[in-house]
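# Observations on the three-dimensional arrangement
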Amino acid sequence: MSRRLTLAAAQLGPIQRAEGREVAVGRMVRLMETAHRRGAEVVVYPELALTTFFPRWYEEDLAAADYWFESAMPSDATAPLFAAARKFGIGFHLGFAERTPEGRRFNTAIYVHPSGEVVLKYRKVHLPGHAEYAPDRRVQHLEKRYFEVGDLGFPVVRAPVGGTEVNIGMLICNDRRWPEAWRVLGLQQVELVMLGYNTPSLNMENRGFEAHHLRVFHSHLSVQAGCYQNACFAAAVAKAGTEDGHELFGHSIIVNPQGEIMAQATSWHDELIVADCDLAMCALGRSTIFNFSAHRRPEAYERITAQVGSVVPPVWSPCGSGRDS
Ligand code: CDT
């Protein structure tokens, strides 16, 4: 029996600091309606989709940043999204700032079944940026201040997505640049990676020349390689455009297990892209080049988990004849 999935990625244009969540949620509901009209069974929204990318703003007192966090899901502001999912029979992925009842803060994503039940939760592991105000920086990136490192690992679950059971997993923004994260998902036979991001168009820190086009190239390179090497589909979905004077590059994509881009956003506004995914492609990759049980050599990968930073290699020096070693 063929296993197909109609997958939608709902890129969001900018959300300004002064805009309330109901504005963003209204836009997301309209995108969901479009997704439904176009036959999608699941819609993927960006990282921290409900507000501006607030880690660019410094708050001395952490409690003053609580405004940006959701302490319930659904909250009053997000309830219309859950209602729309029920109405359209569509599942959705949502990125948001989570504040737990114990007061812990995470950069979180969930996959919600059309019934409104949260099927899967992931908390971002690779937090970029810094924890303290950095006066030498032109733009702050305070994710390490506002969030703890995710404590859920990289979970994968098999769950109904539309009419099909799909192995779903998640990454959040900077995670996409780390092959270890993809591989942990691949080792659980992930078939669909849902991934939201907020990535600035420019590196404002000028620690060396970085051509502007490389920002998008590196994002796509990471997602395409992750899909190819782990035989999965991904929806990598951006917040795009100029948010409070800071430009985010958009370029949302849907990628197949061959690493090919199946659909790409072309605007820096709210935009829906849709792709028809044949999940049999995952089994093909997993049973050929990336047949892990046949070809992986974990005994040679010890450094991957034993070591964090890189080490300086030994220096080669000639030893006598240099011939017979
Ligand atoms: N949100 C997030 O993780 N953004 C980072 C910015 C790093 S600057 C290249 C990202 O990896 O896209």
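This text goes with the structure placed above it.
Residues numbered from 1 in each chain as written. Predicted model: local features only at pLDDT ≥ 70, side-chain atom pairs only at ≥ 80, totals over all residues. Heavy atoms only, no water.

## A short note on the sheet that holds strand β7 (residues 164-172)
- Here we have 6 strands laid out as an open sheet, ordered β6-β7-β8-β9-β12-β13, and mixed in their pairing. Only two strands of the sheet have a single neighbouring strand rather than two, namely β6 (156-161) and β13 (261-264). Sheet twist, expressed as the mean angle between neighbouring strand axes with direction ignored, is 25°.
- Where strand β9 (residues 233-238) and strand β12 (residues 253-255) come together, 3 bridges link them in antiparallel fashion. Bridging from a neighbouring strand, Ala234 pairs with Val255 of β12.
- Of the strands in this sheet, β6, β7, β8 (192-197) and β9 touch helix α4 (residues 179-186), which is tilted by about 160° from β7. (Pairing = 2+ DSSP bridges. Helix = DSSP H or I, 4+ residues; strand = E, 2+ residues; numbered from the N terminus. Axes fitted to C-alpha atoms, helices over the stretch in contact; angles between N-to-C directions. Contact = heavy atoms within 4.5 Å.)

## Some words on the packing of helix α1 (residues 21-37) against helix α2 (residues 79-88)
- Taken N-terminus to C-terminus, the directions of α1 and α2 make an angle of 10°; their axes are 9 Å apart at the nearest point. Between α1 and α2, the crossing angle belongs to the class labelled roughly parallel. The residues of α2 that touch α1, namely those facing Val25, Met28, Val29, Met32, Glu33 and His36, are Pro80, Leu81, Ala84, Ala85 and Phe88.
- Considering only residue class, the contact of α1 with α2 consists of 9 nonpolar, 1 polar and 1 charged. (Parallel < 35°, antiparallel > 145°, perpendicular 65-115°, else oblique. Nonpolar A, V, L, I, M, F, W, Y, C, P; charged D, E, K, R; others polar.)

## Some words on the site of the ligand
- Close to the ligand lie 13 residues; Lys124, Cys173, Asn174, Arg177 and Thr199 are nearest.
- A distance of 3.1 Å is found between a nitrogen atom of the ligand and a side-chain nitrogen or oxygen belonging to Glu143.
- Measuring from an oxygen atom of the ligand, one finds a side-chain N or O atom of Thr199 at 2.6 Å.
- Out of a free accessible area of 350 Å², the ligand has 85% covered by protein chains. (Near = heavy atom within 4 Å. Polar contact = N/O pair within 3.5 Å; in protein donor to acceptor, adjacent residues only side chain to side chain. Areas by Shrake-Rupley, 256 points an atom, 1.4 Å probe, with all protein chains shown as cover.)

## Notes on the environment of Asn174
- With respect to the helices, strands and loops of the structure, Asn174 is situated in the loop between β7 and α4.
- Judged by its relative accessible area of 16%, Asn174 is buried.
- When residues no more than four places from it in sequence are discounted, the contact partners of Asn174 are Lys124, His126 and Pro128.
- Separated by 3.0 Å, the side chains of Asn174 and Trp178 make a polar contact. (Buried < 20%, exposed > 50% of the residue type's maximum accessible area, 1.4 Å probe, protein only.)

## Let's talk about the packing of α4 against helix α5 (residues 213-230)
- Where α4 contacts α5, the two axes come as close as 9 Å, and the packing angle between them is 30°. For the pair α4 and α5, the sense of crossing is right-handed. For the pair formed by α4 and α5, the contact residues are Trp182, Arg183 and Gly186 on the first element and Ser222, Val223, Gly226, Cys227, Gln229 and Asn230 on the second.
- Considered class by class, the residues forming the contact of α4 with α5 number 3 nonpolar, 5 polar and 1 charged. (Left-handed = near helix turned anticlockwise from the far one by under 90°.)

## Concerning α2
- Restricting attention to buried positions, one finds in α2 the residues Leu81, Phe82, Ala84, Ala85 and Phe88. Along the axis of α2, the buried positions cluster into a sector of 160°, meaning they face one direction only.
- Check the buried side of α2 and you find it contacts α1, β3 (91-99) and β4 (105-112).
- Immediately beyond the C-terminal end of α2, within one or two residues, lies Gly89, with a positive phi of roughly 65°. (Arc of directions from axis to C-beta.)

By themselves, these figures tell us nothing about what the structure is for.
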